[in-house]
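Results of the structural survey
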Amino acid sequence: MIKVGISQCLLGVKVRFDGGHRNSRFCSTELSQLFEFTPLCPEVGIGLPIPRKTIRLVGDSETPRAVLSSGGDDDFTQQLSDFADENIEKIKQLSGYILCKASPSCGMERVKVYNQHGHSQSNGIGIFASRLKQLCPNLPLEEDGRLNDPLLRDSFIKRVYLYSEWQQISSCRELSVRDLINYHTKHKMTLLAHCQKTYRKLGPMVAQARPDNINEIGEKYIQLMLDGVKRPATRSNNTNVLMHLQGHLKKFLNNEDKAELRRIIIDYNKGLAPIMAPIILLKHHFRNNPNQYIKRLSFFDPYPKQLAIRVAMI
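This report concerns the structure included in the present document. This one's a predicted model, so the numbers in the text were calculated from it and none came from an experiment.

**Considering the pairing of strand S4 (residues 65-68)**
Bridge count for strand S3 (residues 55-58) against S4 is four bridges, and the pairing is antiparallel. Note that in S4 the partner of isoleucine 55 across the bridge is leucine 68. The hairpin turn running from S3 into S4, its antiparallel successor, is six residues long, and glycine 59 in that turn takes a positive phi close to 95 degrees.

This is the structure:
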C-alpha cells in the first residue's frame, strides 16, 4: 500500500491540546483502506503533554516562532522544526501528507500569526509543516479541511499516485530516458486536464532528455508535473482532453456513434452532464476498439474508483 503521512489527530487519536481529536471521516474510513498511514503529532512528539497549554505563532509570518498562547519564555520553534528532521527517514518513504488545518505546528497555509499587539493575520505556515516542505519539496501536501472540496481532493489523490509511481521508478534503478518517456506518455493527458501551460513545457523537456542529463531533467520534470496537477482540473481542460481522445476513434465509429459521443462531451462542457458520462462512453468505445496508446493513459482511472471523487466533480 502507498504510505501517506497524516496528522495523528485526524485519525481520531486524542492528542490535541484539549485532550480531544479532529477525526476526518474521509481519511479514517475511506483513505485508510487504500493508504498505509504514518501518523505523527509534532507537539506530542517533542514531549508536550495531553492536555496541554495552547501554542501559537508570533512575530514575522515568514519566520514565526511557536510560543505559549498564555505568554512566558517557552519557545518550541526549533523543537517542532527538528521533529521533522528526526523523522526524515519515515518521511522519505511517504508519497503524500495530510496536515491539520490551522495548527501552529501542522497548518499548511493561512495559520494565524500574532504581532506584538496581539493582533493576528492568517498568513503563516505551521513550524513542522514549513520544515516538511523544505525537506521534501515534491511531497504532495494537503489539509484535512480542503479535502472536503472534490476538486482539491481529486488533485491531491492524483498527485499521491503520481509521486508514488515516480518514487518506485527512482528506487528500483537509475532513471533512464525510456522511464521518463513512458511516465510522461502515461500521465500527460492527466496533466493536460489540470494545466495546459505545464503540459506545453513538459513535452519539449522530455524531448531534450539524454543519458548525460536525465537526472537533472527528471528532477525538474517531476517538480513541474506535480505543480501542474496541483491546480484543480477545469471543465474546459477536461473537455480538451475528451475531444483529443475522441479523435482516436474517428476511423472506427459510425456517424451516429460519433455524433452521440460529441454531443455528450458538449453537454459536459455546458454543465448539462457529469464528467463520468463522456468517460464511460469513451471507455466503452475503446473496449470495442482497443488502442494500445489509450490503454496506457492514466486519465480514465487515475485512482481507485471506490473513492467516487469524480462523481461529485464538475
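Further notes follow.
**Some points on the pairing of S3**
In the sheet, S3 pairs with strand S6 (residues 111-114) via two bridges, with the strands oriented parallel. Opposite valine 58, over in S6, you have tyrosine 114 as the bridge partner.

**Some remarks on a positive patch on the surface**
Positive charge collects at one region of the surface, where Lys197, Arg200, Lys201 and Arg231 lie side by side. Tracing the chain through its elements places arginine 200 in helix H8 (residues 196-207). For arginine 200, a relative accessible area of 54% puts it in the exposed group.

**Things to note about the sheet that holds strand S1 (residues 2-7)**
If you trace the four strands from one edge of the open sheet to the other, you get S2-S1-S5-S8, paired in parallel fashion. Since the sheet does not close on itself, it has two edges, and those belong to strand S2 (35-40) and strand S8 (141-143), each with one partner. Across this sheet, the average inter-strand angle for adjacent strands is 25 degrees, counted without regard to direction. Bridge count for S1 against strand S5 (residues 97-99) is two bridges, and the pairing is parallel. Bridged to isoleucine 6 within S5 is isoleucine 98. Contacts from helix H5 (residues 127-135) reach S2, S5 and S8 within the one sheet, and its direction differs from that of S5 by about 155 degrees.

Analysis parameters
- Residues numbered from 1 in each chain as written.
- Predicted model: local features only at pLDDT ≥ 70, side-chain atom pairs only at ≥ 80, totals over all residues.
- Heavy atoms only, no water.
- Pairing = 2+ DSSP bridges.
- Helix = DSSP H or I, 4+ residues; strand = E, 2+ residues; numbered from the N terminus.
- Patch = residues over 30% accessible without salt bridge, like charges linked within 9 Å, V, L, I, M, F, W, Y side chains within 5 Å.
- Areas by Shrake-Rupley, 256 points an atom, 1.4 Å probe, with all protein chains shown as cover.
- Salt bridge = Lys/Arg side-chain N within 4 Å of Asp/Glu carboxyl O.
- Lys, Arg positive; Asp, Glu negative; His and termini not counted.
- Charge placed at Lys NZ, Arg CZ, Asp CG, Glu CD.
- Buried < 20%, exposed > 50% of the residue type's maximum accessible area, 1.4 Å probe, protein only.
- Axes fitted to C-alpha atoms, helices over the stretch in contact; angles between N-to-C directions.
- Contact = heavy atoms within 4.5 Å.

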